[in-house]
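Each chain is listed here by its residues.
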Amino acid sequence: MKLPAEPRLSPVTPRRRLHVITWGCQMNVYDSGRMADVLAPLGYTAADGPADADMVILNTCHIREKAAEKVFSELGRLRLIKEERAAAGKSTILAVAGCVAQAEGAEITARAPYVDIVLGPQTYHRLPEMVARAHRAAGPVIETDFPVEQKFDFLPEQQAAPGALTAFLTVQEGCDKFCSFCVVPYTRGAEASRPAASVLAEARRLVANGARELTLLGQNVNAYHGEGTDGRDWGLARLIRALAEIPGLVRLRYTTSHPRDMEDDLIAAHGDVPALMPFLHLPVQSGSDRILAAMNRKHTADDYRRLIDRLRAHRPDLALSSDFIIGHPGETAVDFAATMRLIEDIGFAQAYSFKYSARPGTPAAGAPGVVPEGEKDNRLAELQALLRDQQTAFNAECTGRVIDVLVTHAGRRPGQLGGRSPYLQAIHFDGPMTLLGEVVPVKITHTSTNSLSAALIFTPSKQELAPA
Ligand code: SAM
Ligand code: SF4
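Student: So what exactly am I meant to see when it comes to the sheet that holds strand 13 (residues 251-255) here?
Tutor: Consider a sheet: its strands pair through backbone hydrogen bonds, and that pairing is either parallel or antiparallel. Across the sheet, which stays open at both edges, the 3 strands sit in the order 7-10-13 with parallel pairing between neighbours. This sheet does not close on itself; its edge strands, each paired only once, are strand 7 (166-170) and strand 13. Neighbour-to-neighbour, the strand axes of this sheet turn through a mean angle of 25 degrees, independent of strand direction. With respect to the sheet, helix 7 (residues 196-208) is in contact with strand 7 and strand 10 (213-217), its orientation differing from that of strand 7 by roughly 165 degrees.

Student: Teacher, can you tell me more about the environment of Ala410 here?
Tutor: Residue placement: Ala410 occurs in strand 17 (residues 402-410). A residue is classified by how much of its surface remains accessible, and Ala410, at 41% relative accessible area, is partly exposed. Along the backbone, Ala410 and Leu436 are 26 residues apart, and their C-alpha atoms lie at a distance of 7.9 Å.

Student: Just to check I follow, could you spell out the side chain of Ser357 for this structure?
Tutor: Position of Ser357 relative to the elements: it lies in the loop between strand 16 (350-355) and helix 13 (373-396). On the basis of relative accessibility, which here comes to 9%, the residue Ser357 falls in the buried class. When near neighbours in sequence (up to four residues on either side) are disregarded, Ser357 contacts Ile63, Arg64 and Glu65.

Student: Is there a simple way to explain the pattern of salt bridges in this structure?
Tutor: When the charged atoms of two side chains with opposite charge come close together, those side chains can pair. Applying the stated criterion across every chain yields a total of 30 salt bridges. We note a salt bridge from Arg85 to Asp54, for which the minimum N-O separation is 3.1 Å. Separated by 31 residues along the polypeptide, Arg85 in helix 2 (residues 67-87) and Asp54 in the loop between strand 2 (44-46) and strand 3 (55-60) bring together distant segments of the chain. Arg305 serves as the salt-bridge partner of Asp302, at 2.8 Å between the closest nitrogen and oxygen. Residue Asp302 and its partner Arg305 are located together in helix 11 (residues 301-314), separated by 3 residues, close to a single helical turn.

Student: For this particular structure, what's the right way to read the sheet that holds strand 16?
Tutor: Overall, parallel pairing links the 3 strands, which are arranged 14-15-16 in an open sheet. Whereas interior strands pair on both sides, the edge strands pair on one side only; in this sheet they are strand 14 (279-281) and strand 16. Here the average twist between neighbouring strands, direction ignored, is 10 degrees. Across 3 bridges, the pairing between strand 14 and strand 15 (residues 319-326) is parallel.

Student: I tried to follow the site of ligand 1 on my own but got confused; where do I start?
Tutor: In the vicinity of ligand 1 lie 18 residues, with Gln219, Gln285, Arg297, Asp323 and Ser357 positioned nearest. The fraction of the free accessible surface of ligand 1 (560 Å²) that becomes covered by protein chains is 89%. Elements with a minimum of two residues in the shell around ligand 1: strand 15 and strand 16. Of the residues contributing to the shell around ligand 1, the split by class is 7 nonpolar, 6 polar and 5 charged.

Student: In this structure, what is going on with the environment of Asp233? I would like to understand it.
Tutor: With respect to the helices and strands, Asp233 occurs in strand 12 (residues 233-235). If sequence neighbours within four positions are ignored, Asp233 has contacts with His225 and Gly226.

Student: For this particular structure, what's the right way to read the packing of aromatic side chains?
Tutor: Centre distance and the angle of the planes are the two values used to describe a pair of aromatic rings. The tally for this structure, following the rule as stated, stands at 3 aromatic pairs. Geometrically, the ring pair formed by Phe178 and Tyr186 is edge-to-face, given 5.5 Å between the ring centres and 75 degrees between the ring planes. Judged by its relative accessible area of 37%, Phe178 falls in the partly exposed class. Given a relative accessible area of 37%, Tyr186 falls into the partly exposed group. Here Arg111 stacks its cationic end above the ring of Phe72, 3.8 Å away from the centre of that ring. Over the ring of Trp234 we find Arg238, and its NZ or CZ is 4.1 Å from the ring centre.

Student: Explain unusual backbone geometry here, please?
Tutor: What is expected of a backbone is that most residues other than glycine have negative phi and most peptide bonds are trans. Omega for the peptide link from Thr255 to Thr256 comes to 0 degrees, which places this bond in the cis form. Structurally, the position occupied by Thr256 is in the loop between strand 13 and helix 9 (264-272). The backbone of Gln285 shows a phi angle near 75 degrees, a positive value even though the residue is not glycine. Mapped onto the elements, Gln285 comes out in the loop between strand 14 and helix 10 (289-294). In this structure Gln285 comes out as buried when scored by relative accessible area, which is 8%. A positive phi is found at Leu424, a non-glycine position, where the angle reads about 70 degrees. Along the chain, Leu424 falls in the loop between strand 18 (416-420) and strand 19 (426-430). Note on Leu424: relative accessible area 25%, which makes it partly exposed.

About the criteria used
All residue numbers here refer to positions counted from 1 along the written sequence of the relevant chain. Chains and ligands are labelled sequentially in the order written, the chains with letters from A and the ligands with numbers from 1. The predicted nature of this model means local features are confined to residues of pLDDT at least 70 and side-chain atom pairs, given and counted, to a pLDDT of 80 or more, with totals for whole chains, interfaces and linings taken over all residues. Heavy atoms from the whole structure form the basis of all side-chain values; hydrogens and water molecules are not counted. Only when DSSP finds a minimum of two bridges between them are two strands counted as paired. Per the convention used, a helix needs a DSSP run of H or I reaching at least four residues, while a strand needs a run of E reaching at least two, with both numbered from the N terminus. Angles shown run from 0 to 180 degrees and are taken between the N-to-C directions of axes, each axis being a line fitted to C-alpha atoms and, for helices, limited to the stretch in contact. We call two residues in contact whenever any of their non-hydrogen atoms come within 4.5 Å of each other. Each residue is assigned to one of three classes by its accessible area relative to the maximum for its type, calculated with a 1.4 Å probe on protein chains only: buried under 20%, partly exposed between the two thresholds, exposed over 50%. We count a salt bridge whenever a side-chain nitrogen from Lys or Arg sits within 4 Å of a carboxyl oxygen from Asp or Glu. Any residue with a non-hydrogen atom lying within 4 Å of a molecule or strand is treated as near it. The method behind every accessible area is Shrake-Rupley, applied with a 1.4 Å probe, and residues are considered shielded solely by the protein chains displayed. The nonpolar class holds Ala, Val, Leu, Ile, Met, Phe, Trp, Tyr, Cys and Pro. Asp, Glu, Lys and Arg form the charged class, and all remaining residues, Gly among them, are polar. Any pair of Phe, Tyr and Trp rings, taking the six-membered ring for Trp, is counted once the centres come within 6.5 Å. Such a pair is stacked with planes under 30 degrees apart, edge-to-face with planes over 60 apart, and tilted for the rest. Any Lys NZ or Arg CZ found within 6 Å of a ring centre and within 35 degrees of that ring's normal is scored as a charge over the ring.

Purely spatial values, then, with no claim about function.
Given below as structure tokens:
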């Protein structure tokens, strides 16, 4: 269907409404925000929901099974909304973005011809032009190439919600590692890092808008190697040290990292940059050297153990998180036992674990030694029970301790506040709203697997809360 001519934006033009549905990782959350930023100059502001939206973007994730099927099922729902709006004389642009868009491309509009725009993760800076083309064209607009220009050079400033106390900041994208199971190198393209000046400028704006904590994002964020403000190559540690100088920025985190890219100065930064929080998500995937080799991870289980020892030598209280894949082709009971041993040895504060799912086009997809689903289920349940016990124990050890919490939101009950510990645990306690955005010490009174309850030790005075 051809959309009506694009309305020109003028003071009397009604604002247009945008609804973004985000699936997947934190990078998709960040990308969704940036797509909204790119469309803001065209008059798009947030809609309450798809029925109220002149444009709906479905930002998709391709990492696990049935990703495309989930997208088509959601598109079926959005199609009905689009038709109801059309019956009421309102047009709707329907766009599919993210990694499924990149992987499926024209297949999406072949199966769902009511979709107007299909765009990959590297092209969303071109959205305004795509919207204009969607209004002009009789057919769909499909942009899934990897453009030569860096999208970050073309994006407007991030419009963080005023008062957002924590924010994501993408510093690196893409992956050159080609793990046997993973679609990311195909959907996100080659590794690329933003220049430090652009990252620092965005960070300063976010902090000026109220952010106290920044999480640096990248598919392999510790592979960051960008142009420094001195013209030299900066690794992630150098970037973190520069960001830590920003007045008002009290906490820094980064995710997701690869064990092979933990360089010496990054390990050292965990010991000597106070703003860098003692929490690290460092996926290991398996504890079996045989499976790690089959996964093309290029490290062994003992390499990982030694790396953790070095990190803990610099930061003894470092809390660790990881990703595990259960049932990669060829995984035997012996391999699985090695993974359980690694978990016992390291002790994780939290972790994510997934059943292996074959992703078409990846080397593992056709590999022999497929693990039966029932076996995968049993192993996953056993592994998750161990990880849950470790998480419960990690939290329980905090009982009675005084821990700094960055207060980020009001709690569910009146008078209750919520925030995060340095180790990323959710903490709730009673206190005044004036503490929002502050880092305050609290005493942990009760713990569970997923959160901590605490009591304020003292309510800081206004002077104590004054920014440094
Ligand atoms: N770059 C990170 C690394 O190397 O560890 C991981 C990024 S990936 C987007 C997030 C996680 O999804 C992976 O760590 C892995 O555990 C999981 N994952 C990726 N492909 C998968 C697959 N085919 N089946 C199951 N889990 C998968
Ligand atoms: Fe995927 Fe991470 Fe491996 Fe890259 S390093 S291929 S993103 S799992």
